[in-house]
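# Per-entry structural report
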Amino acid sequence: MRDGFIKVAAGTPKIRVADCEYNAGQIIALMREAAAQGVKVLALPELCITGYTCGDLFLQSTLLDGAEQALARILEETQDLDMLTALGLPVRSKWDHKLYNCAAVISKGEILGLRPKTSIPGYGEFYESRWFASGKDQEVTLHLCGDEMVDMCPRGLFACESIPNLIVGVEICEDLWAPEPPSVSLVQAGATLILNLSASNEAAGKAAYRRSLVAGQSARLVCGYVYADAGEGESTTDLVFAGHNIIAENGTVLAEKRFGTGLTISEIDLERLTFERRKMNTFRPYDEKHRNYWRCSFDLEPADTVLTRPFPKNPLVPADAGDRRARCEEIFTIAALGLKRRLEHTNASCAVVGLSGGLDSTLALLITARALDMLDRPRTDILAVTMPCFGTTSRTKSNAQILAERIGADFRTVDIGEAVRVHFRDIGQSMDDLSVTFENGQARERTQVLMDLANQRGGLVIGTGDLSELALGWATYNGDHMSMYGVNASIPKTLVRHLTAYAADQAGETDPELSAVLRDLLDTPVSPELLPPREGEIAQRTEDLVGPYELHDFFLYYALRWGFSPRKVFRVAAAALGEDYSRETILKWLKSFYRRFFTQQFKRSCLPDGPKVGSLALSPRGDWRMPSDAVNALWMKELEEL
């Protein structure tokens, strides 16, 4: 179980109602298939040994004896499997002579415990209360499968001694639909993985509700959730069961299968779950209420889990086109609302935007225009300033002017070339020395121009730097690093492109010229344009210097949002992006990412205000608090050992 991944499965065997011997054979075959695929935790459906739809046969001793004998056979024939399995059967209690709908949790031929169902339906198509009692207050020891003594208790957890953070809790079908599902307390007592043994019939629209319920519960409880549903073989007298199996993790459905039998497999990331729980003060810890929860220990052989779960190439950008459009609209609105409030509060007469002809400044201008629209103020209250210098090309200069005109902003050109030359003479900087001083001198001059123009007009300078640049420190300190409100500060570079494309689509019918210039901006190489052009073309391409932003945004998301170690970031990056980049290329830029991220923290420690629009931001006032002199030796050592 390297990097916290544990392979889990929900299984639906094809059964025969009340044919326990046949069902045992099907269950054993499914368990062996799961083990062969590396599964370590398997959930099977509710009452799968007998079938859920036995009706009044549940009251027959012949069926109950057959269920015990079938369980004994399963234990005998699967004791060589290195796996924890939860499967359903009816269990008699000698203490109160009642029948309980139970999950038997087994491993390596041993029954670790019985988990009774607590929420027993007695309405509509479900009449379980006719046969089964609630196990809510049951805590007894029973004889099962001969002389074996087994604890039956709803407050039981199953903790793996050999795999860190693997603590399993079990609930059964209707328990999840209850106002206070048992999984809530099980998780508060320490469970990281919940198994639900279910027999939920199909009806039009029910699958979507079931899916949202499972995903939502995994999100509320910050846990892995494996839902195993009954399927083919159940009686169809009045109902149909479709084997709707779902595996979810912290709100995300990792794998799903409906209409059929067999296994649904994925990997739960236990490290990711425990990282999120450490961050959340609202995640209530183990307390006095949970001291009567017992833990049964078991062992599994740690394995190098093969990953099959999806890792999106661009985790900060929705993959679905419809979702992406909705996300873009939402981000524009959130960012514009933030700027709207700041303009109102400061009573600023205008918003000053440095327009370079690149994507970041374009996005800042689009957000600023929307904020002024919200304020019912004319867009001429935007002062768009282009400041050509030694690296500016005619393409970007022209695009900046056309963009400002189509938006309706007040446009101004301030050529800073002579001012920079004077400054270089003052400090003794040769024009032939194209060093970092040559570049940063231009960037700082531009910021000075913007600040002074804002002072002249009683306005605010709107920052254009994005989240990816802040992570890498790809900004000139006290140059483009500084503004009076940074609207792009939590928007990653990969999303900047989609936001600009969305704006181009929106303008397509109403303003074809605006749409065309936005499309051309999207085709322009990303560059600070601080070095002289070569034959009129951009000479300085950012991604040649710092690496592909697609990679850096991937690294940023998993390293910061989920706390992955460098080794784990590399592993998932290779899985998600291995078709596009070699392992050597990924490792090269991952080393660069960690080096730059640590050394450039001082720039993030004094960032201007800016709106958070997504789950990840680097504001020193909230999302990311890191000393500027932190040492990256541990992280780099781990990378060197790959």
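You'll find the structure just up there.
Residues numbered from 1 in each chain as written. Predicted model: local features only at pLDDT ≥ 70, side-chain atom pairs only at ≥ 80, totals over all residues. Heavy atoms only, no water.

Moving on, we come to the overall build of the protein. Across its full length, the protein carries 20 helices and 20 strands. Seen along its three principal axes, the alpha-carbon backbone of the protein occupies a region of about 100 × 50 × 45 Å. Looking at the protein as a whole, 58% of its 642 residues are labelled buried. Counting contacts in the protein only where the partners sit at least 6 residues apart, residues at least 24 apart contribute 74% of the total. Looking at the protein as shown, the accessible area adds up to about 26,300 Å², and 48% of this sits on carbon and sulfur atoms. A gap of 3 Å separates the mean positions of the 70 positive and 86 negative side-chain charges of the protein. (Helix = DSSP H or I, 4+ residues; strand = E, 2+ residues; numbered from the N terminus. Buried < 20%, exposed > 50% of the residue type's maximum accessible area, 1.4 Å probe, protein only. Contact = heavy atoms within 4.5 Å. Areas by Shrake-Rupley, 256 points an atom, 1.4 Å probe, with all protein chains shown as cover. Lys, Arg positive; Asp, Glu negative; His and termini not counted. Charge placed at Lys NZ, Arg CZ, Asp CG, Glu CD.)

The first and last C-alpha atoms of helix H18 (residues 583–599) sit 24 Å apart over 17 residues, in line with the 24 Å expected at 1.5 Å per residue. Along H18, the positions that sit buried rather than exposed are Ile586, Leu587, Trp589, Leu590, Ser592, Phe593, Tyr594, Arg596, Phe597 and Phe598. (Expected span 1.5 Å × (residues − 1).)

Our focus in this paragraph is empty space enclosed by the protein. Rolling a probe over the atoms, with the probe sized like a water molecule, indicates the empty space that remains. This model, assessed by the stated rule, comprises 3 cavities of 30 Å³ or more. Considering only enclosed or pocket space, the largest cavity measures out at about 110 Å³ in volume. Around the largest cavity, the lining residues are Gly463, Thr464, Gly465, Leu470, Asp480, His481, Met482, Ser483, Gly486, Ala489, Leu607 and Pro608. Classifying every residue of the lining of the largest cavity gives 5 nonpolar, 6 polar and 1 charged. Computed from the structure, the second largest cavity encloses a volume of approximately 50 Å³. Together, Thr12, Pro13, Ile15, Pro45, Glu46, Leu47, Cys48, Ala230, Gly231 and Glu234 line the second largest cavity. Here the lining of the second largest cavity is composed, by residue class, of 6 nonpolar, 2 polar and 2 charged. (1 Å grid on protein atoms, 1.4 Å probe; cavity = no way out; pocket = protein on both sides within 12 Å on 5 of 7 lines; lining within 4 Å. Points joined across faces, edges and corners; volume = space filled by probe spheres on them. Nonpolar A, V, L, I, M, F, W, Y, C, P; charged D, E, K, R; others polar.)

This brings us to the sheet that holds strand S9 (residues 167–172). Spatially, S13-S12-S11-S10-S9-S8-S15 is the arrangement adopted by the 7 strands of the open sheet, whose pairing is mixed. The sheet is open, and its two edges are formed by strand S13 (252–257) and strand S15 (294–298), each paired on a single side. For this sheet the average axis-to-axis angle between neighbouring strands, irrespective of direction, equals 20 degrees. Bridging between strand S11 (residues 224–229) and strand S12 (residues 245–249) involves 4 bridges; their strand directions are antiparallel. Directly across from Val226, in S12, lies its bridge partner Ile247. (Pairing = 2+ DSSP bridges. Axes fitted to C-alpha atoms, helices over the stretch in contact; angles between N-to-C directions.)

Glancing now at the environment of Val461. Mapped onto the secondary structure, Val461 falls in strand S19 (residues 460–463). Separated by 107 residues in the primary sequence, Val461 and Gly354 have C-alpha atoms spaced 8.2 Å apart. Those residues in contact with Val461 that sit more than four places away from it in its chain are Val352, Leu450, Met451, Ala454, Ser483, Met484 and Tyr485.

Examined against the element boundaries, Arg325 turns out to sit in helix H7 (residues 321–346). For Arg325, a relative accessible area of 48% puts it in the partly exposed group. When the C-alpha atoms of Arg325 and Leu499 are compared, they prove to be 8.5 Å apart, with 174 residues separating the residues in sequence.

Formed by 54 residues in total, the largest nonpolar core has its most connected members in Phe158, Leu166, Leu193, Leu195 and Ile268. Excluding anything up to four places from it in sequence, Leu193 contacts Val8, Val41, Leu166, Ile167, Val168, Gly169, Gly224, Tyr225, Val226 and Ile268. (Core = buried A, V, L, I, M, F, W, Y, C linked by side-chain atoms within 4.5 Å.)

Within a sheet, neighbouring strands are paired by backbone hydrogen bonds and run either parallel or antiparallel to one another. Pairing is parallel across the open sheet formed by 5 strands, whose spatial order is S18-S17-S16-S19-S20. On the outer flanks of this sheet lie strand S18 (410–413) and strand S20 (485–486), each paired with one strand and no other.

Our next topic: the packing of H7 against helix H13 (residues 493–507). Describing two packed helices takes the angle between their axes plus the distance from one axis to the other. Remark: H7 packs on H13, axes separated minimally by 10 Å, with the N-to-C direction vectors making an angle of 95 degrees. By the criterion of interaxial angle, the relationship of H7 to H13 is roughly perpendicular. Residues Arg324, Arg325, Cys328, Glu329, Ile331 and Phe332 of H7 form the contact with H13, whose participating residues are Leu495, His498, Leu499, Tyr502 and Ala503. A per-class count over the contact of H7 with H13 returns 7 nonpolar, 1 polar and 3 charged. (Parallel < 35°, antiparallel > 145°, perpendicular 65-115°, else oblique.)

The subject of this paragraph is the pattern of salt bridges. Tallying each qualifying case throughout the model produces 45 salt bridges. For Arg92, the salt bridge is made with Glu68, and the minimal N-O distance between the two is 3.4 Å. Of this pair, Arg92 sits in strand S3 (residues 84–92) while Glu68 sits in helix H2 (residues 61–77), and the two are 24 residues apart along the sequence. Here Asp360 makes a salt bridge to Lys493, at a shortest N to O gap of 2.8 Å. Residue Asp360 is located in helix H8 (residues 359–374), and its partner Lys493 is located in helix H13; the two are separated by 133 residues in the primary sequence. Classification of Asp360 as buried rests on a relative accessible area of 9%. (Salt bridge = Lys/Arg side-chain N within 4 Å of Asp/Glu carboxyl O.)

In terms of burial, strand S4 (residues 99–107) is largely enclosed, as 9 of its 9 residues are buried. Of the two faces of S4, the one lined by Leu99, Asn101, Ala103, Val105 and Ser107 and the one lined by Tyr100, Cys102, Ala104 and Ile106 are each fully buried. In this sheet, S4 lies alongside S3 in antiparallel orientation, the contact comprising 9 bridges. Looking across to S4, one finds that Leu84 is bridged to Ser107. Connecting the antiparallel pair S3 and S4 is a turn made up of 6 residues, with His97 showing a positive phi of about 60 degrees. Judged from the 6 bridges that link them, S4 and strand S5 (residues 110–116) form a sheet pairing that is antiparallel. Counterpart to Val105 in the pairing with S5 is Gly113.

Just geometry here; none of it tells us what the structure is for.
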